[in-house]
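A look at the structure
Now for the letters of each chain:
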Amino acid sequence: NAGVMQNPRHLVRRRGQEARLRCSPMKGHSHVYWYRQLPEEGLKFMVYLQKENIIDESGMPKERFSAEFPKEGPSILRIQQVVRGDSAAYFCASSPDPTGDTQYFGPGTRLTVL
Amino acid sequence: DAKTTQPPSMDCAEGRAANLPCNHSTISGNEYVYWYRQIHSQGPQYIIHGLKNNETNEMASLIITEDRKSSTLILPHATLRDTAVYYCIVRVTYGNKLVFGAGTILRVKS
């Protein structure tokens, strides 16, 4: 059973470009979480999604950031018009049930904004 | 979710038990204690969780005091690969998100 997959592992964007981060949850998992880790800071929750639904987006910046988890395909975290402050590691986690007791994390996508 | 307090860092000799403490004096009756760790540059890894009884799995043991105001994660035979940041998290189940604090940097030394 493959683990949580994220791609790309490293992404470089120039200021003003768009960044798309993909997350494929573990097989059978329909609950996906996104977290961000800024340099030298802790992990911060961003958004929790179930298939086709956003359940909790309390950690998402109000502008430029969006997330989706379609019926088919991976979850996507989209950052429009990136700025240098968006440079961070973005981790996706999946869980087999809504308790979220055990969240399985992917290896992360490291976004660098030039 | 209740707040947790952990020492910023600890050292442990390879092969010895690593005991990582966590204070959560404001924990509510329906909140669980979770432990995750993050090895450098990797995604966090679930270790164990419990409500009030002590728990053990293949990775570690979790000891929760009777008043539930503190807990200890025990790695019985630490190896160099256990060097990581260990996070103690208190949350209700069905609480969905994990709230990570600063954690404890555990350095296992040969």
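Residues numbered from 1 in each chain as written. Chains lettered and ligands numbered in written order. Predicted model: local features only at pLDDT ≥ 70, side-chain atom pairs only at ≥ 80, totals over all residues. Heavy atoms only, no water.

Quick word on the sheet that holds strand β4 (residues 45-50) of chain B
Pairing between the strands of a sheet is mediated by backbone hydrogen bonds and can be parallel or antiparallel. Residue and element names in this part refer to chain B. Spatially, 5 strands are ordered β1-β9-β8-β3-β4 in an open sheet, and the strand pairing comes out mixed. If you trace the sheet from one side to the other, it starts and ends with β1 (9-13) and β4, each paired once. Adjacent strand axes in the sheet meet at a mean angle of 25° when their direction is disregarded. In terms of strand pairing, β1 meets strand β9 (residues 104-109) through 5 bridges, oriented parallel. (Pairing = 2+ DSSP bridges. Helix = DSSP H or I, 4+ residues; strand = E, 2+ residues; numbered from the N terminus. Axes fitted to C-alpha atoms, helices over the stretch in contact; angles between N-to-C directions.)

Looking at the environment of A:P96
Residue and element names in this part refer to chain A. Mapped onto the secondary structure, P96 falls in the loop between β9 (88-95) and β10 (104-105). Along the primary structure P96 and K27 are separated by 69 residues, whereas in three dimensions their C-alpha atoms are 8.8 Å apart. Leave out the neighbours within four places in its chain, and P96 touches H29, H31, T102 and Y104. (Contact = heavy atoms within 4.5 Å.)

Regarding the state of the cysteines
Applying the stated rule across the entire model yields 2 disulfides over all chains. Two residues share a disulfide in this structure: A:C23 and A:C92, whose sulfurs sit 1.7 Å from each other. Where A:C23 bonds to A:C92 through sulfur, the torsion about that S-S bond is close to -45°, and the disulfide is left-handed. One end of the pair, A:C23, is in strand β3 (residues 19-24); the other, A:C92, is in strand β9, and 69 residues separate them in sequence. Given the relative accessible area of 0%, A:C92 is considered buried. Through a disulfide, B:C22 is tied to B:C88; the S-S separation comes to 2.1 Å. Its S-S torsion of approximately -80° makes the covalent link between B:C22 and B:C88 left-handed. With a gap of 66 residues between them, B:C22 in strand β2 (residues 18-23) and B:C88 in strand β8 (residues 84-92) connect regions that are remote in the sequence. On the basis of relative accessible area, B:C22 is assigned to the buried category, the value being 1%. Counting only cysteine sulfurs, B:C22 is the nearest neighbor of B:C12, a cysteine outside any disulfide, at a range of 18 Å. (Disulfide = S-S within 2.5 Å. Buried < 20%, exposed > 50% of the residue type's maximum accessible area, 1.4 Å probe, protein only.)

So, the interface of chain A and chain B
Tallying the contact residues gives 19 residues for chain A and 18 residues for chain B. The contact between chain A and chain B buries some 1600 Å² in all, and 51% of this surface belongs to carbon and sulfur atoms. Here chain A and chain B share 1 salt bridge between them. Among the salt bridges present, the one from A:D101 reaches B:R91, with a minimum N-O distance of 3.4 Å. Where chain A touches chain B, the interface holds 9 residue pairs in polar contact (both at pLDDT 80 or more). Of all elements in the fold, only β4 (31-37) and β5 (43-50) of chain A reach the threshold of two or more residues within the side of chain A that touches chain B. (Buried area = accessible area lost by both parts, 1.4 Å probe. Salt bridge = Lys/Arg side-chain N within 4 Å of Asp/Glu carboxyl O. Polar contact = N/O pair within 3.5 Å; in protein donor to acceptor, adjacent residues only side chain to side chain.)

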